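Structure at a glance
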Amino acid sequence: MSDIALAAAPPGRAAVRLPAGVVAALAWMVLILAVALLADMLRPYSITALDLRARLTPPVGFGGTLAHPLGTDELGRDVLSRLLVSIRMSVLIAFGATVIAAVLGTTLGFLAAHFRGWVEQVVLMLIDFQASMPFLILALSVLAFFGNSLPLFIGLMGLHGWDRHARIARGLAIAANAQGYAAAVRQLGARPLRVYLGHVLPNIAATLIVSATLSFPEVVLLESGLSFLGLGVQPPMTSLGTMVGYGREYLTRAAWILLAPSTVIVLTTLSVSLLGDWLRDRLDPTLS
Amino acid sequence: MSLLEPAGASLLELEGVSRVYSGRRGLLGRRVPVRAVDHVSLTVAPGRTLGIVGESGCGKSTTGRLALGLEAPDQGQVRFAGQPIPPPGGAEWRRLRARMQLVYQDPLGALDRRLTIATQIAEPLAIHAIGTPADRRDRVAALLGDVGLRADLGGRYPHELSGGQRQRAVLARALATDPALLVCDEPVSALDVSIQAQVVNMLTDLQDSRGIAMLFISHDLKVVRQVSHQVAVMYLGRVVEQGDPEAIFATPAHPYSRALVSAIPTPRSSLGPRGRERIVLTGDPPNPANRPAGCAFHPRCPLAIAACRAEAPELRPADGGRLVACHLVHPPSGSFA
């Protein structure tokens, strides 16, 4: 019976039909990445170029001119140029931090699951410490003590969310070890590295990817918050969070200063979530 | 082709092996030792099959894990081809995996659902660095044929196969390194009855053609009888009767074996003089954390005598070349009630 059913429906992996939402999300992420890579070529003005005679010019369609398509801010700086450069900065921080958190968390989770005993206790203690400590306070103290530099800031953001990855990786690895495929592969004589990287990781990657797509928007928002407090990206550099922070004062008079970066934040985080969800389904051969 | 040991030597020896887990009662309860396996001694000769039967929780699977060296015994010693099995996890232990393999009860759980069947069958070859990638492909094709799977099924994922096909794939993976010992832990329990027979026949055929020794663990007496050259009946971590399967199934000596044998459903009596008489065990199923004093089986034994409550019977030779641990078979020194 099952043979016939299987023969009639061969595994069709060739034709992939993407849902419309995923196509839109993919297009947006490609656009964002292209902007991030080519920001210096795309921007019409320098981000620090002042045009004091054209301060607070509204965008095109709201009384503005093509000279400043998205308008200008309170110092007459071009919002479009600042937006493009901000996207690059925020994408760099968010991707960097998410990758750091995922790698760090997964590694610690696997170590805890493999060695158990005191290694696991230490990792669990670190996780609890991370969870009980308000991250903003940790970030504030680190930045206050060590000063602010971009690599340090990215590394610090990478500490956000590693605990969730570690918890997930540890739990799923223990479950895989207790029964099933991981135990079977170890029983075949495989080294731990092969078991964890070759079998456990691909099997739990779906969950980790979803977790990473959750932390990506969080990092964007955290970066915005810290930049708004003046502890994140420092002028003259700019990021989406910095733009929102400084644009807030002009919310009633020149909403476009704040709305442009806010829109980018919302669309990017939404796209990442959509893509993550879709990717999880695609990575699972049992769902089709 | 197969890795047979010198004639006469047993391939696998368990000598007085015990495994104690510590269980906890309640949230703040004391730790109580649970003797899952208690002083078990078994041997498996090359190319022969030892069947282990018993109900759930009697230590069958733990015995299998000890035999494979997946767990180290707390007492006693497990020897494979005359050498003690190294502690689990080391390089030596990993090398030994190529010579002893496990077949699982749940084939879907034992297979990685993200890899194709062919990749997984080739995995032990890759782990033990056997052959070139081209050799491995040929080897996988041959193994698929040996276990009766069509070559094109190698490209499928585990969830795309039926239960019987998955178990065949697990078996092909276990046979990839040409092991000398196969521990089958309830290999057919999860399968459809019509498929069970096919898989069991395939196991015996493979044993004949490759000379593999098997430790066959099952609660299904019919299957054990069909495949085994020797049978050990376990109750609460101990072997209570051991010997030739025909003898044990025809005239079980231990009251527990009798109850087990009487529970085999048969349309017509073919099980000796006892025929259709059905012994239904009463009382609590065994709990290894709370082992009765004396013979562990006495609370459920219809024939228990005073000595059973006081003294644990030892496994001693009885007629028909078998070993039995029962005071009724070997009256204890003193009075026979």
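Criteria and cut-off values
- Residues numbered from 1 in each chain as written.
- Chains lettered and ligands numbered in written order.
- Predicted model: local features only at pLDDT ≥ 70, side-chain atom pairs only at ≥ 80, totals over all residues.
- Helix = DSSP H or I, 4+ residues; strand = E, 2+ residues; numbered from the N terminus.
- Buried ≥ 20, exposed ≤ 12 C-beta atoms within 10 Å, placed from the backbone.
- Core = buried A, V, L, I, M, F, W, Y, C linked by C-beta atoms within 7 Å.
- Contact = placed C-beta atoms within 7 Å.
- Axes fitted to C-alpha atoms, helices over the stretch in contact; angles between N-to-C directions.
- Parallel < 35°, antiparallel > 145°, perpendicular 65-115°, else oblique.
- Left-handed = near helix turned anticlockwise from the far one by under 90°.
- Nonpolar A, V, L, I, M, F, W, Y, C, P; charged D, E, K, R; others polar.
- Pairing = 2+ DSSP bridges.
- pLDDT = per-residue confidence, 0-100.

Comments concerning the overall build of chain A
- Counting its regular elements, chain A contains 11 helices and 0 strands.
- Taken from N to C terminus, the helices and strands of chain A fall in the order α-α-α-α-α-α-α-α-α-α-α.
- Taking the principal axes of its C-alpha atoms as reference, chain A extends roughly 75 × 55 × 30 Å.
- When the 288 residues of chain A are sorted by exposure, 38% land in the buried category.

A short note on the nonpolar core
- In this structure, Ile121, Ala172, Leu181, Cys184, Leu215, Val233 and Tyr235 of chain B are the most contacted members of the largest nonpolar core, which totals 151 residues.
- Per element, the largest residue contribution to this core is 17 residues, and it comes from helix α3 (residues 79-115) of chain A.
- Those residues in contact with Cys184 of chain B that lie beyond four places of it in its chain are Val103, Leu203, Met214, Leu215, Phe216 and Ile217 of chain B.

Describing the packing of helix α2 (residues 20-42) of chain A against helix α11 (residues 256-283) of chain A
All names here are of chain A.
- Interhelical geometry of α2 versus α11 gives an angle of 125° and a closest axis separation of 9 Å. For the element pair α2 / α11, the angle class is oblique. Considering how the two elements wind past one another, α2 and α11 form a crossing that is left-handed. Where α2 abuts α11, its residues Gly21, Val22, Ala25, Leu26, Trp28, Met29 and Ile32 lie against Leu267, Thr268, Ser271, Leu274, Leu275 and Trp278.
- Residues of the contact of α2 with α11, tallied by class, amount to 10 nonpolar, 3 polar and no charged.

Some remarks on unusual backbone geometry
- A positive phi angle, near 50°, is found at Arg116 of chain A, a position not held by glycine.
- Structurally, Arg116 of chain A can be placed in the loop between α3 and α4 (117-132).
- Judged by the 13 C-beta atoms lying within 10 Å of it, Arg116 of chain A is partly exposed.
- Residues other than glycine seldom take positive phi values, yet Glu186 of chain B does so here, at roughly 50°.
- Given 20 C-beta atoms within a 10 Å radius, Glu186 of chain B is considered buried.

So, helix α6 (residues 150-158) of chain A
- For α6 of chain A, the complete set of buried residues consists of Phe153, Leu156, Met157 and Gly158 of chain A.
- Those residues of α6 of chain A that are buried lie in contact with α3, α5 (135-146) and α9 (192-228) of chain A.

Description of the pairing of strand β9 (residues 230-235) of chain B
All names here are of chain B.
- Along β9, 6 of the 6 residues are buried, which leaves the element largely enclosed by surrounding structure.
- The alternating pattern of β9 places Gln230, Ala232 and Met234 on one face and Val231, Val233 and Tyr235 on the opposite face, and all of these are buried.
- In terms of strand pairing, strand β3 (residues 49-53) meets β9 through 4 bridges, oriented parallel. Paired with Ile52 across the two strands is Ala232, which belongs to β9.
- Across 5 bridges, β9 lies against strand β10 (residues 238-243) in antiparallel orientation. If you follow Ala232 over to β10, its bridge partner there is Gln242.

Quick word on the sheet that holds β3 of chain B
Residues and elements named next belong to chain B.
- Ordered by their spatial adjacency, 8 strands build an open sheet running β6-β7-β8-β3-β9-β10-β12-β11, and the pairing between neighbours is mixed. This sheet does not close on itself; its edge strands, each paired only once, are β6 (100-103) and β11 (316-318). Direction aside, the axes of adjacent strands within the sheet are offset by 25° on average.
- Contacts from helix α6 (residues 163-175) reach β6 and β7 (181-185), with the element oriented near 175° to β6.

Comments concerning the packing of α2 of chain A against α3 of chain A
All names here are of chain A.
- Axis separation between α2 and α3 bottoms out at 8 Å; the angle between their running directions is 130°. Between α2 and α3, the crossing angle belongs to the class labelled oblique. The chirality of how α2 crosses α3 is left-handed. Touching Ile32, Val35, Ala36, Ala39 and Leu42 of α2 are Leu84, Val85, Ile87, Arg88 and Val91, all from α3.
- Residue classes in the contact of α2 with α3 are distributed as 9 nonpolar, no polar and 1 charged.

Comments concerning the interface of chain B and chain A
- Tallying the contact residues gives 21 residues for chain B and 18 residues for chain A.
- Elements with a contribution of two residues or more to the side of chain B that touches chain A: α2 (91-96), α3 (107-110) and α4 (117-127) of chain B.
- Among the elements that make up the side of chain B that touches chain A, the one with the highest residue count is α4 of chain B (3 residues).
- For the side of chain B that touches chain A, the per-class residue count stands at 9 nonpolar, 4 polar and 8 charged.

Comments concerning the environment of Ser149 of chain A
- Note that Ser149 of chain A resides in the loop between α5 and α6.
- For the pair Ser149 of chain A and Gly232 of chain A, spaced 83 residues apart in sequence, the C-alpha to C-alpha distance is 9.0 Å.

Quick look at the pairing of strand β4 (residues 75-80) of chain B
Residue and element names in this part refer to chain B.
- Both β4 and strand β5 (residues 83-84) contribute to a ladder of 2 bridges, which runs antiparallel. Looking across to β5, one finds that Arg79 is bridged to Pro84.
- Here β4 hands over to β5 after 2 residues, with Ala81 in that stretch at a positive phi of 50°.

Thoughts on the environment of Leu267 of chain A
- Mapping Leu267 of chain A onto the fold places it in helix α11.
- Spatially, the C-alpha atoms of Leu267 of chain A and Met29 of chain A are 9.1 Å apart, while their sequence positions differ by 238 residues.

Observations regarding the confidence of the model for chain B
Residue and element names in this part refer to chain B.
- Averaged over chain B, the pLDDT score is 85; the fraction of residues at 70 or greater is 91%.
- Within the model, the stretch residues 1-7 combines pLDDT values under 50 with 16 contacts to residues more than four positions away or in other chains.
- Interface confidence for the predicted complex, expressed as ipTM, amounts to 0.80; the pTM equals 0.78.

Details of the environment of Val123 of chain A
Residue and element names in this part refer to chain A.
- Tracing the backbone shows Val123 in helix α4.
- Taking the C-beta count within 10 Å as the criterion, Val123 has 23 such neighbours and is therefore assigned buried.
- A sequence separation of 12 residues divides Val123 from Leu111, and the C-alpha atoms of the two residues are 8.5 Å apart.
- Residues in contact with Val123, not counting those within four places in the same chain, are Leu108, Leu111, Ala112 and Ala166.

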